[in-house]
Every structure is written in C-alpha cells, then in structure tokens.
Amino acid sequence: MVQRHFYGGYFMKRARRALLTLTTVLLIAGLSPGQAQSQTVIQSFVPTAEMLAGARYRSFNNTGGSEIFLGVPDLGVGGNRNETNATWVSGLNTITWTLDRGTDSMTATLSNSAGNWNLTYPNLSTQIAVLGKTFTLDDLDIMQIDVANRDSGTTVNLLDITLDAVPLVPDDIITANPSFTTWMVFDYDFSVGFTITATIELGGSFSNSQELSRVELKVGRSDFCGNSIIDPPDEECDPPDGVTCDFDCKNIVCGNGVVQPSEECDDGNTEAGDGCGADCQFEEKFCFTAKDPAPARRAKRVAFASDLDYTGTGSNADGNTEIFLFEKKKFDKAVKKRVKKGEDKEAVQLDELTTNAALHFTQVSDTAGCHNETPTPNGSGRFISWVSTCDIPETPVDDPMTDNADGNKEIFHRDIKKNILTQITDSVGHDNLNPNLRASRGKLLLFDSTADLVPDQCVGGDNDLEPCSTGCVGGACGNPELNREVFEWVRLAAKQGNQGLRQLTAATSGSSTIGTSVNFNTRATAFASTADLLGANPEGNSEIYRIQRGAESLVQLTDVSDPTRDSTSPSQAKKKFVALASTADLDPSGNNVDGNTEIFHWAEKEAEPFSQITDTSSCANGSPSSDNFGRFLAFESTCDLLPAKGNPDQSIFVFDTKVDKATGLPKGFLQLVIRGPMSSSSSNPQATKKVRTVTFSTDEDTVNEGVCFFDTKDELLELTGGGLP
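Since the model is a prediction, treat every value here as computed from it, not as a measurement.

Q: Can you break down unusual backbone geometry residue by residue, with the values?
A: Here the bond from D238 into P239 is cis, since omega is 10°, no more than 30 degrees from zero. Position of P239 among the secondary structure elements: in the loop between strand 15 (213–222) and strand 16 (285–289). Of the consecutive residues T395 and P396, the connecting peptide bond is found in the cis state with omega at 0°. Note that P396 resides in the loop between strand 22 (383–388) and strand 23 (410–415). Residues other than glycine seldom take positive phi values, yet D104 does so here, at roughly 55°. With respect to the helices and strands, D104 occurs in the loop between strand 6 (91–100) and strand 7 (105–112). D104 sits in the buried class, given a relative accessible area of 19%. One non-glycine residue, C249, lies in positive phi territory at about 60°. Mapped onto the secondary structure, C249 falls in the loop between strand 15 and strand 16. Its relative accessible area of 0% is what places C249 among the buried residues.

Q: Quick rundown of the pairing of strand 14 (residues 194–203)? Include the residues and the values.
A: Counting buried positions over the 10 residues of strand 14 gives 7, a clear majority of the element. Alignment of strand 6 against strand 14, held across 9 bridges, turns out to be antiparallel. Bridged to T94 within strand 14 is T199.

Q: Describe the side chain of E322, listing the residues and the values that go with them.
A: Secondary-structure assignment places E322 in strand 19 (residues 322–327). A polar contact of 2.7 Å, which involves the side chain of E322, links it to the backbone nitrogen of T367. What E322 contacts, discounting residues up to four positions off in sequence, is F304, A305, S306, N316, Q363, S365, D366, T367, A368 and N372.

Q: If you had to explain the state of the cysteines to someone new, which residues and values would you point to?
A: Inspection of every chain in the model, using the stated rule, returns 6 disulfides. Here C237 is linked by a disulfide to C245, with a sulfur-sulfur distance of 2.1 Å. An S-S torsion of about 90° defines the bridge between C237 and C245 as right-handed. We classify C237 as buried; its relative accessible area is 9%. Classification of C245 as buried rests on a relative accessible area of 2%. There is a disulfide in this structure between C619 and C639, and the S-S distance comes to 2.1 Å.

Q: If you had to explain the packing of aromatic side chains to someone new, which residues and values would you point to?
A: Within this structure, the stated rule accounts for 20 aromatic pairs. On the basis of an interplanar angle of 80° and a centroid distance of 5.1 Å, the ring pair of W97 and F194 is categorised as edge-to-face. Taken together, the residues W97 in strand 6 and F194 in strand 14 connect sequence positions 97 residues apart. The same class applies to W97 as to F194, namely buried. A network of ring pairs unites the aromatic residues F304, Y310, F324, F326, F331 and F361 as a single cluster. In this structure, R81 packs its charged tip against the face of F69, placed 4.2 Å from the ring centre. The positively charged end of R221 is found above the aromatic ring belonging to F135, 4.3 Å away from the centroid.

Q: Can you lay out helix 3 (residues 345–354) for me, pointing to particular residues and giving the numbers?
A: When we look at burial in helix 3, the residues that qualify are V348, Q349, E352 and L353. For helix 3, the angular spread of the buried residues around the axis is 130°, confining them to a single face. The N-cap residue of helix 3 is D344: its side-chain oxygen and the backbone nitrogen of A347 are 3.0 Å apart.

Q: Describe in detail the sheet that holds strand 19, supporting the description with residues and values.
A: What the 4 strands build is an open sheet, ordered 17-18-19-20; its pairing is antiparallel. Taken across any chain shown, the strands that pair with only one partner, and hence form the sheet edges, are strand 17 (291–295) and strand 20 (361–363). Across the sheet, the mean angle separating the axes of adjacent strands is 25° when strand polarity is ignored. The pairing of strand 19 with strand 20 spans 3 bridges and is classified as antiparallel. Among the inter-strand pairings, L325 is bridged to a residue of strand 20, identified as T362. Its contacts with the sheet put helix 2 (residues 328–340) on strand 18 (301–306) and strand 19, and the angle it makes with strand 19 is roughly 45°.

Conventions and cut-offs
- Residues numbered from 1 in each chain as written.
- Predicted model: local features only at pLDDT ≥ 70, side-chain atom pairs only at ≥ 80, totals over all residues.
- Heavy atoms only, no water.
- Helix = DSSP H or I, 4+ residues; strand = E, 2+ residues; numbered from the N terminus.
- Buried < 20%, exposed > 50% of the residue type's maximum accessible area, 1.4 Å probe, protein only.
- Pairing = 2+ DSSP bridges.
- Polar contact = N/O pair within 3.5 Å; in protein donor to acceptor, adjacent residues only side chain to side chain.
- Contact = heavy atoms within 4.5 Å.
- Disulfide = S-S within 2.5 Å.
- Phe/Tyr/Trp six-rings, centres within 6.5 Å; stacked < 30°, edge-to-face > 60°.
- Lys NZ or Arg CZ within 6 Å of the ring centre and 35° of its normal.
- Arc of directions from axis to C-beta.
- Axes fitted to C-alpha atoms, helices over the stretch in contact; angles between N-to-C directions.

Listed below in structure tokens is the structure:
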C-alpha cells in the first residue's frame, strides 16, 4: 500500500521546551475524589506567567520577626500579605497551607512542641483584582515549592509532603540541595482549591537573618507550551498536536520556509511541481511495506524482502518472508501516463501497487517455513543474490551435492531472465552473510562467512588462489580458524564447471565484513575488518581495506593506533572513491577529536585522501552509501545538519562533494526525509547512479518496516544550482 507520512500528535510525548532542565519526574495517581487526575512533579524551575498566592515560613532563629507570611505574591511587599509570629523548634514542625474556593480564603498553620499558630488571608479574589494581577484563581495550574538553607552548619528539610492527602515527591523529602531547591507541580487543577501538608525538619543554629533560610509555597498560572492556554506573544496556539500546532506552539503553515511537524519539506511556497508540494510533502517519494531495499544501479529495479503477497497471484499466501523485485521503471511509466490523463498521482500509485501489482513485482523466491533476507541486485537487476535459511532446489538442474536441509544461512544467486538458481555456499553451523553483487553484469559476488568454504585454496602469498597442494608460500590455506573472512564468487568460473569461490582474506583472529551498502566498482570493493590483515593493525580496531581481483591487491585505507576509534560501513564507488563512517580523526584538519561517529570521503588521487563530511557532537551519523561516481553520499543521521529544517529524529541526508567554483567549498547537504516528534526514523539509505534515486528503510508503520523511494532530481537541481552531470 502507499504510505502517506503523518506524524503523531502531542499525546504521550509533550515537547515542553521550558522543561529542558528537568532532573526528576514523578507521575502520581490515586488522588482524592475531588481531584481525579494525575500530577507531574519535577525538581527544576519552570517559567510561569504569574504567581497569584503563596505561603512563606521563615526566621528559623526566632528573631522576633514574623515567622509566617500568607498572601498574594510578591510576599516581600507588605501590602500583599498577612503575617504572624510563631516559634520554631529544633526537630519536627508540622505545617499546612489551604486554599478554599468556597470561602475565598487561605489559611496557614504551624504546629510543634512549642504550640500551634494559625494565619488567615480572606477575600483572596478581591485582593488579586486590587493588586492588578493579570489572571484569576480560575487559572491556577502550577505550584512552586522552594526550600532554602544558606546558614552554615544547619539543616532544613521538607518531609512527608502531601497534596490533598496524596504523597507528592520521591522519598517524601525535599532538601536544600545544598543551599536552594525548587520543585514544580503541574498537570493538576489547583483552581478548585487544595491542601498542602508537610513537616519542616530543622537542625543547627540559624543566623539572625530572616530570609537566608526559608520554605515557600506558591501557586499560579503556567507559561509554557503545552498548558492548553495560548500565552502571547510567543505562542500562537496551544496545545501542540503536530498537525496544526507545532511543538513550539506556533501554527503549522505550509509555505513559511520552516519544516514543522507533519511537514516533510517547506521550500517557502505552495507551488506544485518543484519537488515540495502544496501540502509540504515531497512530491516524488512513495513508500510500501517491505524491508532490506537494494536498488540496481539506475534504480530501474529494486530488490527487497517482504512477507506480503506483492504479485497479487497468491504465490506468497503463506506469508513467508520472500525476495521480490520491484520494476520501478515500468511503475513510474505507468503512473506518469495515467497522471497525464488527469488522475490523482497518489491514487494512481496505490492502484498500480495493488490492482496492477503483477505488472510491477516479481517474486524471486518461493519457499515455506524459512527465511529470506538482504537481497542484492546487479546493475540491471537481472541477477539477484540473497541470504536464505531455506532448502531451495537449484535450477535448471538441482545439484545433489549442495542443499540446505539443515536450515543454515546460505547465499543463493538467481538469473531472473534465464531462471537459473544457484546455491553459492553450503556449510553447517556457520554464517554466510552480506552478499554484495557489485553493480556489474552479475559476474562477481562478494560476501563474508565464518565457514571454511575453500579449504584447499591459498590466500595471499606467492600462490594466491592456487590449490594448497601446489604450495602456499607466504599465504594461508583456507579458513581453518573459522574466522569471519571475505569471499568472492565468480559466475563465469562456476558456469565453466569450476567452483567459482575465492577466499580473499585470511586472519587468525578478528572479523572482516562486507556490509550492506551497494558497491559500484566491478574490480574493487571496500570492507571493514578488525583483523591484522597486513601487519598494520595490531590494535585490532575496525579499519577499512580495499581489495581488487585477488588477495595480493589488498590495501589498508585507514590506520588508526587508538584502539577505541573504529572505521566502519564502507561504500565503494565506481571510480577510486570510498564513503565510510568513523570515530577516528582521519581528516588532517583534525575535526573529530571528540570521537563522534562522522561521515568521511576517501579519494585515492588526492594528496590527503580523507575529507570529513560531517562535523557534529552528541549525535550519530552512519550507513553511508556512495553513488557510482563517488560524488554524492547518502547517509542516515540524528544530527541537526541543516538547522533551518531541523532533525527531531533520524533523517536521510545527501552530501554533494563537488566543489562550487564561486565558494571553493563542496556543494553541501540535502535533507531528503525529515522526521518529527512521535514519528519513526529512516535508515539504511542506498544511493543509485548520480543519486537520482535513494531508497531507504523506515519503521513508520509500527507493525511492518517500510521501504521508500525518493527521486532527488528536483531537489538536487535546487541544491547544485541547476543541472546534473
């Protein structure tokens, strides 16, 4: 089905911008019948519009000044309050503060071993009006509790605090922590009246100052986004819902140039046909339920895995996870033809994906009770390789010497045009993973495996790839250590009756892995390894290697001595370029001293081959995918790389490495997908030739993973100033 991107509202995840300093949150239920609601208590200060009423307990040295104040804040102004003398004792002092809407009054009490004291403040509403307060008692929705202790060698604790007979704070205690602590209580209707009870525990000798140490309680009107009240001038709406009101309480307006929740883009206008539509949704993106997307070089075809019956023929009625091929070129042509006749594009897409599904989808595997995953197509999409736990008969003739009755993860390869299916690996108890059918004519397949697939094959040395029986000088024979190694399968050799398998790496420890990003170079590929393959990685951190035909061509691209810094996820372009992610400081400019995961670009012909694409902190960048020429890099990121657009979750970005003649700098970033609060993340982008199309995974459907296709043509024209090479 076509998935239209939408964003959840404010429910369950309020974006209270004012609460960024939140240190402790406590949700309390079980309130008295008159207050059937939850309350939120935090140890932090929250900006408020105005406080309307309060009680202050002070003068713990019994200086002769008033010990209890009650009235309308600010309580420091004499005309705002009533006050009375009282006597404090070392140890426990019980206090109450009540606001009674029925009598329109407040009362404060103090009780201890020295006696009992009461204070009343009548006609509260009248006094609020006389003093020119902006709000009324009907607006009370927040309480502030302050405990101060600025006298050396003394103790002020607030214990056993209840709000309408319900315990209020964790561990039933507020300390000065060490000299002053503020707690805020909200999500509670204080406007109907309330009673606070607590015990003030005092210890030590207090100074003669009446204000250094005190306990103060106040109620008022909140002033943060999310209180369901529009507070001008900063707020335009409230509460935020992610549809009409964003999480800064600003109206969501398509065309204002700011990407807000529920919007995927906002180019400052509401014109159609420029990549960002009148509804601020990307015009050339559509999604359907699937996983592990892998496009062919030009994205004419895209392989993916799914448990749905995409062909509409019932061939996957059992809901097994199968491999499918999406004919994107045919699909786009059919949609374009119908849209020209006046049909709605989204409706046409949905119809073509359902009613006409058999025209656009091919089911590559047809199995039961097993699992197929991580497909990889060649450049045209004619050949597909994938990982399977299934026992799939080979075609046209099943080889009895290769089967998968044990349900091991094996590599399979299929020629769609000639319906030739070959089982590449046959092992027991070992993983064969990450098939990468380089963007070629299906001649070369790379993968990694912990199996000893070619035990009589020399790896490296003077007799690389020759049988060990003829000698293996300076190399290693097979994979007896069952280490994770890189292997290559050559279709032509297999077709001529030879095994076709080659082991390209050999190490006694560590792991080498191809990864999932498509490689465009038919002669070379990049991979990551923690093994010491060339004697330059004794630290065992993850380094990037590049290998051509045969182990003798192996070169190490990264060489970092710090064992805590790793380089991963390489993507090989057709020319001598590699994209990768790394926590190392690879760029000589030294921009990654903090060890954040950044995206780098390696160019063999440059004097300094590494350039750092991202420069961020406290966020993550990963899964880079290079287009075939190495110019455009697609990757996932949780970083705010384009602040004007924002990145509240995880988005897909594209970076254009081409240098702008006017500025002398790379063209820069393009943000393809923007996720808002309460939405999903996007991951595992796969770029195609000239990055005209990027596929990526998304968990937007909370039940099934989705695969999305994004046509970057219009956006890249905007990014580069017109014209792709």
